[in-house]
Protein chains: 2
Amino acid sequence: MRYFIQLSYKGTAYCGWQRQPNARSVQQTIEEALSTLMHEQIEIVGAGRTDTGVHAAFYVAHFDCAAPIADTSKLAYHLNAILPGDIACRSIYPVSDSAHARFDAVEREYRYYIQTHKDPFSRESAWQITTPLDIDAMNEAARVLLATEDFTSFAKLGSNNTTNICHIYRAEWVQIECGMVVFIFRANRFLRNMVRAVVGTLVDVGRGKLTPAEFADIVASRDLSRSSSSAPAAGLFLTDVKY
Amino acid sequence: MRYFIQLSYKGTAYCGWQRQPNARSVQQTIEEALSTLMHEQIEIVGAGRTDTGVHAAFYVAHFDCAAPIADTSKLAYHLNAILPGDIACRSIYPVSDSAHARFDAVEREYRYYIQTHKDPFSRESAWQITTPLDIDAMNEAARVLLATEDFTSFAKLGSNNTTNICHIYRAEWVQIECGMVVFIFRANRFLRNMVRAVVGTLVDVGRGKLTPAEFADIVASRDLSRSSSSAPAAGLFLTDVKY
């Protein structure tokens with residue numbers, strides 16, 4: 001029997017989603033909790049990797065188990081009781097045996113938060129930039145992404161992507177409340193490190209180090225060495241996965 | 001010369017606002033930073049105490065210094081650079097020598113946040129209650145507070161209040177987003193521990209342990225032993241002080 005599990009987690013204390021030999025991952029933490037509760041060895045397959053310190057407000061994974069789960073709500077309740085406070089199970093539901101949390105996802109959304117004044121409450125969930133940012137210029141540059149398919153300029157070297165082609169559905173900076181701006185980035189797929197590399201380069205536009213036209217040149221160059229440093233992990237949230 | 005300083009701080013790591021002999025307070029942290037920057041011993045007087053772990057989204061204090069500050073924005077900038085990340089200075093401005101951050105405050109607002117499902121992101125800023133709460137009943141009970149002046153039922157024993165009379169301007173539970181409710185509580189003044197004792201007792205109404213009528217009886221009794229346990233510090237924010 002195969003099940004989808006919807007999760008949210010604060011990534012600060014983890015080496016990311018993916019199991020690692022010498023560090024605590026979200027995947028391992030959930031697999032251990034599910035295995036304890038279900039009295040069998042459970043392996044989960046996630047919708048994608050998130051890096052060290054990156055958060056997920058919405059995440060989907062699948063797992064198989066020998067017998068049907070009698071009461072998925074009860075399992076979710078017990079799972080929340082034994083999982084640490086920084087990982088929450090939102091729901092568990094049965095799917096067909098061929099459903100796949102990673103391969104069947106058709107759309108994902110990331111949000112990147114920037115706090116533009118010193119804020120005691122968002123240090124682990126936003127990039128704090130107290131120098132002025134030109135949000136209009138950042139949005140002018142972001143519109144270039146909507147017309148882009150090849151994201152080689154923002155693809156991490158050494159990652160085993162078979163293609164660097166992505167279809168972007170939304171790429172927009174929005175002022176959400178006094179001092180907080182969020183970059184909403186939706187696509188069918190994202191390359192490893194792509195969101196943080198795009199955000200880092202857009203922030204250089206906001207700081208006046210790059211013009212929107214220079215940003216467009218960097219995108220068109222398909223040259224990773226021209227993009228800026230990646231934005232810090234703390235500001236990044238996976239916020240949606242659609243099937 | 002006297003100055004007002006507007007602040008915000010995350011209280012998690014502190015023993016509260018007030019200086020204590022053997023624990024780190026917000027007051028001590030700011031006094032040390034100001035004294036370093038201004039090359040004289042600075043003492044600050046806050047708008048009120050906040051307890052261990054309680055936050056302030058908006059806080060006001062005053063301090064005196066020997067010579068006028070040439071550039072208050074620059075001082076605020078340098079102060080933010082040397083203060084830890086969980087304390088922020090919003091502004092510094094000159095006031096008359098008789099202005100007093102505590103005695104001149106005519107209105108204060110606290111907000112208490114309750115998260116009604118397990119949430120990895122608000123563990124240090126909300127009380128997580130995953131059992132059902134009847135918000136309508138909590139609001140019916142809260143309306144009793146608007147007609148109340150004597151808050152002896154929620155006054156901490158041993159505190160040196162000269163009077164337990166408070167004038168309440170707002171006492172209302174508001175659903176702010178999926179799974180988060182906030183109690184907005186405005187008054188001319190608050191007694192020590194009052195907000196957390198009121199919230200703890202209102203939550204017992206929400207859980208069905210008390211009816212709104214029983215809540216009204218507790219308020220009218222002026223008997224501290226009848227109110228419920230105080231709500232945890234993490235959910236409480238001082239959010240406004242008016243002069």
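(A) Fine view of the overall build of chain A. Scanning chain A from terminus to terminus reveals 5 helices and 9 strands. Listing every helix and strand of chain A by position from the N terminus yields β-α-β-β-α-β-β-β-α-β-β-α-α-β. For chain A, the C-alpha radius of gyration of 19 Å lies close to 18 Å, the compact-globule estimate for 243 residues. Seen through its principal axes, chain A has C-alpha atoms that stretch 60 × 40 × 30 Å. A burial count over chain A gives 55% of its 243 residues as buried. Across chain A, every contact between residues at least 6 apart in sequence was considered, and the portion connecting residues at least 24 apart equals 71%. The centroid of the 24 positive side-chain charges in chain A is displaced by 3 Å from the centroid of its 26 negative side-chain charges.

(B) Representation of the interface of chain A and chain B in the model. Of the residues lining the interface, 19 residues belong to chain A; the matching set on chain B comes to 19 residues. Surface buried jointly by chain A and chain B totals about 1,400 Å² across both partners, of which 65% is contributed by carbon and sulfur atoms. On the chain A side of the interface with chain B, the three residues burying the most area are Lys-118, Pro-120 and Phe-121 of chain A, jointly 48% of the side's total. Seen at the junction of chain A and chain B, the total is 8 residue pairs in polar contact (both at pLDDT 80 or more). Among the secondary structure elements, those contributing two or more residues to the side of chain A that touches chain B are strand 1 (2-9), strand 3 (55-64) and strand 4 (87-95) of chain A. Tallying contributions element by element places strand 3 of chain A first for the side of chain A that touches chain B, with 3 residues. Partitioning the side of chain A that touches chain B into residue classes produces 10 nonpolar, 4 polar and 5 charged.

(C) Representation of the confidence of the model for chain A within the structure. Predicted confidence across chain A gives a mean pLDDT of 95, with 98% of residues reaching 70 or more. Prediction confidence for the complex, expressed as pTM and ipTM, is 0.92 and 0.90 respectively.

(D) Structural view of the environment of Gly-16 of chain A. Residues and elements named next belong to chain A. Within the fold, Gly-16 resides in the loop between strand 1 and helix 1 (26-38). Residue Gly-16 is classed as buried on the basis of its relative accessible area, which comes to 2%. Along the primary structure Gly-16 and Val-106 are separated by 90 residues, whereas in three dimensions their C-alpha atoms are 22 Å apart. Excluding its chain neighbours within four sequence positions, the residues that come into contact with Gly-16 are Ser-25, Val-26, Thr-50, Asp-51 and Thr-52.

(E) Structural detail: the packing of aromatic side chains. Within the structure shown, the criterion is met by 30 aromatic pairs over all chains. A network of ring pairs unites the aromatic residues Tyr-110, Trp-173, Phe-183, Phe-185 and Phe-190 of chain A as a single cluster.

(F) The arrangement of the relation of the copies chain A and chain B in detail. Overlaying chain A with chain B gives an RMSD of 0.0 Å, the required rotation being 180° about an axis along which the chain moves by 0.0 Å. Such a combination of turn and shift is consistent with a two-fold rotation axis. Most of the interface of chain A is mirrored in chain B, where 100% of its interface residues again form contacts.

(G) View of unusual backbone geometry. Of note in the backbone geometry, His-39 of chain A takes a positive phi value of approximately 55° without being a glycine. For His-39 of chain A, the position within the fold is in the loop between helix 1 and strand 2 (44-46).

(H) Quick peek at the side chain of Gln-115 of chain A. All names here are of chain A. Within the element layout of this structure, Gln-115 appears in strand 5 (residues 107-115). The exposure class of Gln-115 is buried, given its relative accessible area of 3%. Within the structure, Gln-115 has its side chain in polar contact with the backbone nitrogen of His-117 (distance 3.3 Å). In this view, Gln-115 contacts Ser-122, Ala-126, Trp-127, Gln-128, Ile-129, Cys-178, Gly-179 and Met-180; residues no more than four positions away in its chain are not counted.

(I) Region of interest: helix 2 (residues 72-82) of chain A. All names here are of chain A. Of the residues making up helix 2, those classed as buried are Thr-72, Leu-75, Ala-76, Leu-79 and Asn-80. Summarising the axial view, the buried residues of helix 2 lie within an arc of 135°, below the 170-degree limit, and thus occupy one face. With respect to the buried face of helix 2, the exposed residues turned more than 90 degrees away are Ser-73, Lys-74, Tyr-77 and Ala-81. Buried residues along helix 2 sit against strand 1, helix 1 and strand 4. Residue Asp-71 occupies the N-cap position of helix 2, its side-chain oxygen lying 3.1 Å from the main-chain nitrogen of Ser-73.

(J) Here's a closer look at the pattern of salt bridges. Under the defined criterion, the tally for this structure stands at 29 salt bridges over all chains. For the salt bridge of Lys-10 of chain A with Glu-124 of chain A, the shortest nitrogen-to-oxygen distance reads 2.5 Å. Pair noted here: Lys-10 of chain A is in the loop between strand 1 and helix 1 and Glu-124 of chain A is in the loop between strand 5 and strand 6 (127-128), with a separation of 114 residues, a long-range link. Owing to a relative accessible area of 35%, Glu-124 of chain A belongs among the partly exposed residues under this scheme. Among the salt bridges present, the one from Arg-2 of chain B reaches Asp-64 of chain B, with a minimum N-O distance of 2.7 Å. Of this pair, Arg-2 of chain B sits in strand 1 (residues 2-9) while Asp-64 of chain B sits in strand 3 (residues 55-64); the two residues are 62 residues apart in sequence, bridging distant segments of the chain. Accessibility expressed as a relative area gives 13% for Arg-2 of chain B, which makes it buried. A single salt-bridge network, built from bridges that share partners, covers Glu-107, Glu-109, Arg-111, Arg-186, Asp-240 and Lys-242 of chain A.

(K) Structural context of the packing of helix 3 (residues 135-146) of chain B against helix 4 (residues 194-206) of chain B. All names here are of chain B. Look at helix 3 against helix 4: their axes get within 8 Å of each other, and the N-to-C directions meet at 140°. Comparing their axes, helix 4 and helix 3 come out oblique. Relative to helix 4, the crossing made by helix 3 is right-handed. Contact with helix 3, carried on its side by Ala-137, Met-138, Ala-141, Ala-142 and Leu-145, involves Val-198, Leu-202, Val-203, Val-205 and Gly-206 of helix 4 and no other residues of that element. Its residues placed into classes, the contact of helix 3 with helix 4 shows 9 nonpolar, 1 polar and no charged.

Rules used in this analysis
Residues numbered from 1 in each chain as written. Chains lettered and ligands numbered in written order. Predicted model: local features only at pLDDT ≥ 70, side-chain atom pairs only at ≥ 80, totals over all residues. Heavy atoms only, no water. Helix = DSSP H or I, 4+ residues; strand = E, 2+ residues; numbered from the N terminus. Rg over C-alpha atoms; globule rule 2.2 N^0.38 Å. Buried < 20%, exposed > 50% of the residue type's maximum accessible area, 1.4 Å probe, protein only. Contact = heavy atoms within 4.5 Å. Lys, Arg positive; Asp, Glu negative; His and termini not counted. Charge placed at Lys NZ, Arg CZ, Asp CG, Glu CD. Buried area = accessible area lost by both parts, 1.4 Å probe. Polar contact = N/O pair within 3.5 Å; in protein donor to acceptor, adjacent residues only side chain to side chain. Nonpolar A, V, L, I, M, F, W, Y, C, P; charged D, E, K, R; others polar. pLDDT = per-residue confidence, 0-100. Phe/Tyr/Trp six-rings, centres within 6.5 Å; stacked < 30°, edge-to-face > 60°. Least-squares fit on C-alpha atoms with pLDDT ≥ 70 in both. Arc of directions from axis to C-beta. Salt bridge = Lys/Arg side-chain N within 4 Å of Asp/Glu carboxyl O. Axes fitted to C-alpha atoms, helices over the stretch in contact; angles between N-to-C directions. Parallel < 35°, antiparallel > 145°, perpendicular 65-115°, else oblique. Left-handed = near helix turned anticlockwise from the far one by under 90°.

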